[in-house]
Structures are given as structure tokens and as C-alpha cells.
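Tertiary structure, described
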Amino acid sequence: MKRVRFRDTAGNVRGGRWTVEDGDPVVTAAAGPYGRIAFGDESYDPDEVDILPPCEPTKVVCIGRNYADHAEEMDSDLPDRPMLFLKAPNAVASHGKHLTMPSGKERIDYEAELGVVIGEQCRNVSESGAMDVVAGYTCVNDISNRDDQRQEQNWVRGKAFDNACPIGPLVATPEHVPEDASIELRLNGETKQSSSREHLIFPIPELIAEITSYMTLEPGDVIATGTPEGVGPMEDGDEVEVEIEGIGTLKHSVKIP
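Quick summary incoming for the structure in this document. (Residues numbered from 1 in each chain as written. Predicted model: local features only at pLDDT ≥ 70, side-chain atom pairs only at ≥ 80, totals over all residues. Heavy atoms only, no water.)

1. Structural notes on the overall build of the protein chain
Just so we agree on the cut-off: Put simply, DSSP H or I for four residues or longer makes a helix, DSSP E for two residues or longer makes a strand, and each gets a number counted from the N terminus. For this measure, only C-alpha atoms enter the radius of gyration; the expected value for a globule follows 2.2 Å times N^0.38, where N is the number of residues. Buried, partly exposed and exposed residues are distinguished by accessible area as a fraction of the type maximum, computed with a 1.4 Å probe on protein chains only: under 20%, between the cut-offs, and over 50%, respectively. We call two residues in contact whenever any of their non-hydrogen atoms come within 4.5 Å of each other. The protein chains shown are the only cover counted for residues, whose accessible areas, like all others here, come from Shrake-Rupley with a 1.4 Å probe. The sign given to each residue is positive for Lys and Arg and negative for Asp and Glu; His and the chain ends receive no count. Where a charge sits is defined by one atom per residue type, namely NZ (Lys), CZ (Arg), CG (Asp) or CD (Glu).
Tallying secondary structure elements over the protein chain gives four helices and 20 strands in all. A globule of 257 residues ought to have a C-alpha radius of gyration of about 18 Å, and the protein chain, at 17 Å, matches this closely. Each principal axis of the C-alpha atoms in the protein chain carries an extent, and together these give about 50 × 45 × 30 Å. Taking all 257 residues of the protein chain together, 54% fall into the buried category. Across the protein chain, every contact between residues at least 6 apart in sequence was considered, and the portion connecting residues at least 24 apart equals 72%. Taken as a whole, the protein chain presents about 11400 Å² of accessible surface, with 43% of it coming from carbon and sulfur. Each charge class in the protein chain was averaged separately, 24 positive and 47 negative side chains, and the resulting centres sit 5 Å apart.

2. Structural notes on the sheet that holds strand β19 (residues 239-244)
As a reminder of what qualifies: At least two DSSP bridges between two strands are required for those strands to pair. Note on method: axes are straight lines fitted to C-alpha atoms, helices fitted across the in-contact stretch only, with angles between N-to-C directions ranging 0 to 180 degrees.
Strand order in the open sheet formed by five strands is β9-β20-β19-β15-β16, with mixed pairing between adjacent strands. Edge positions in the sheet fall to β9 (98-100) and β16 (190-196), since each has one partner strand and no second. The average angle at which neighbouring strand axes cross in this sheet is 25°, direction not considered. Inspection of the sheet shows strand β15 (residues 182-187) paired to β16 by six bridges, in the antiparallel sense. Bridge pairing links L185 to Q193 in β16.

3. Regarding the sheet that holds strand β10 (residues 108-110)
The three strands lie next to each other as β13-β10-β18, forming an open sheet whose pairing is antiparallel. Both outer strands of the open sheet, β13 (144-145) and β18 (232-233), are each paired with one neighbouring strand and no more. Here two bridges tie β10 to β18, and the two strands are oriented antiparallel to one another. Paired with Y110 across the strands is G232, a residue of β18.

4. Focus: the pattern of salt bridges
Side-chain pairs of opposite charge can arise where the charged atoms are in close proximity. Applicable threshold: One speaks of a salt bridge when a side-chain nitrogen belonging to Lys or Arg is within 4 Å of a carboxyl oxygen belonging to Asp or Glu.
Under the definition given, this model contains 18 salt bridges. A salt bridge links D50 to R7, with the shortest nitrogen-to-oxygen separation between them at 2.9 Å. You can see D50 sitting in strand β5 (residues 50-52) and its partner R7 sitting in strand β1 (residues 2-7), a full 43 residues away along the chain. Relative accessible area serves as the criterion here: at 32%, R7 is assigned to the partly exposed category. Linking R146 and E111 is a salt bridge whose minimum nitrogen-to-oxygen distance equals 2.6 Å. Taken together, the residues span a long stretch of sequence, with R146 in helix α2 (residues 146-149) and E111 in the loop between β10 and β11 (112-118) at a distance of 35 residues. Like E111, R146 is buried.

5. Brief notes about unusual backbone geometry
Put simply, G168 and P169 share a cis peptide bond, and its omega is 0°. Checked against the element boundaries, P169 lands in strand β14 (residues 165-172). With a phi angle near 65°, W155 is a residue other than glycine that sits in the positive phi range. Its location among the elements puts W155 in the loop between α2 and α3 (156-159). Positive phi, close to 55°, is recorded for N188, a residue that is not glycine. The residue N188 is located in the loop between β15 and β16 in this model.

6. Quick word on the packing of aromatic side chains
Put simply, the rule is: Two aromatic rings, drawn from Phe, Tyr or Trp (for Trp, its six-membered ring), form a pair once their centres lie within 6.5 Å of each other, and the interplanar angle then sorts them: stacked below 30 degrees, edge-to-face above 60, tilted otherwise.
Here the structure, examined in full by the defined rule, presents two aromatic pairs. Ring geometry for F85 versus W155: centroids 5.0 Å apart, planes at 70°, classification edge-to-face. Remark: W155 occurs in the loop between α2 and α3 and F85 occurs in strand β7 (residues 83-87); sequence separation between them is 70 residues. The pair F85 / W155 is uniform in exposure class, with both members buried.

Okay, structure coming up:
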């Protein structure tokens, strides 16, 4: 199942299913002619409604340097345990929006990531039981303000500013997303990142076990599992697409004052 949150034509916030007919491509950035959003006996073209973030996290737990090739391009050592940092709810943004970035910065980067959406309140979860608390997967862009990130250790200015975490467009249950699902980012139509979740250093069950040994995860919380090589800067007016096999494509544009 692929679940989506949206605001309908009457302004009501709904939770529905994004359905695709047999033979249709995976849900795309604009959905085009493919797929319908269903709520009860109502059905909508995705272009007719306002797509919202597919979940409402109390926090986004991000993983740093979880791809060896990204650690190498950042001239960083591989971590011996998952590197954790947080983004707050103010950072969450949705599919299809024109997102305003901090002004006066030399470099604001894109980072395509697989997001794990938590389905139930959990603490001290074992690796063997980790998938029991997963509601599904989504696309994430872990936008990074490198100017301030390089000057601080906690990365609040660098990672947790408004609109720093676009998520969506939907949550796909685990059976839709292969173990070797491809992850790709395109900037103005040009592929900049291309990898697979099979290259994660720390796999999802290990991440969940590690995180919940320190903190309680709530329903709707998101784990951003790390980005592969190819990160780079965005400029004013750029169009960004994060596509993950089995989920679809998160699309947004950027405004940099």
C-alpha cells in the first residue's frame, strides 16, 4: 500500500491511498496521468490536491556518513557506530513546494536519502524485531547549509533550519521497496546521485536498535538513513527530484534569497 496525506479541494486534510493501475510506472514527481488518490469513495487526480508531508514526525533522526563513497567524498573517516543528529518538525516540508533556503550562504547542498517511517511508539527495539515497528518508507532530501555546519558541532544551523527536510510524496509499505532499491537525485533533470540502499554501512534494523537504545521513537517519526556520493550545491530556482525505487519521486524547487 502507498499512503498519502493531502488537502482536498474543500480544504480538508485527508489520509488516502495512492493507487497505480497494473502496468503503470512507479508514481512520478507530478504523477502525470498515472495513479489516483483515493479517500473513501472519492478519487482525485494528484495534481488536483495539495500533497502534504506523508507523516507528522516529532523528530527526524538523521544518519551521517552511512555510505562509504559519501564519507570518501567528504574526506571523512568511516564511523564505527551510526552517527546521529536531529531535525525538528519545523524542518519538514512537502512534495511539490517552492522552498525558501537561508540567505547569504555560499553553499546549500542536496542529499537524497531513504526515509524510514516509524509506525508505533517504541524503545529498546532489538534488531530482530526492528521491522515490526516500521510503517514504511519515503523519500527525503536532507538539505544542508554547509557554511554553518562546518562551524558547529551540533549542526542546528547547518541541518535544522526551516524547509531543511522535504519528505514524500507518500509512504510505501516495505513490500514495495526492494532490498537493493535504487536511490537517485536529479538537479534540473541531470542525475547527480545514483546508488542503492544495499550500500548502507549500517542497515535499517541496526539503526533502529541503536536509536531506540537512547530515545523513544513515536509514530510518524522518520529515520533518514544517509546519503550516497554526489552531494552538491543548489542555486536559486533549481528543481530537485529524489526518486527511490518502489516509492516514487519527491520533487521541490528552491528559492535562495
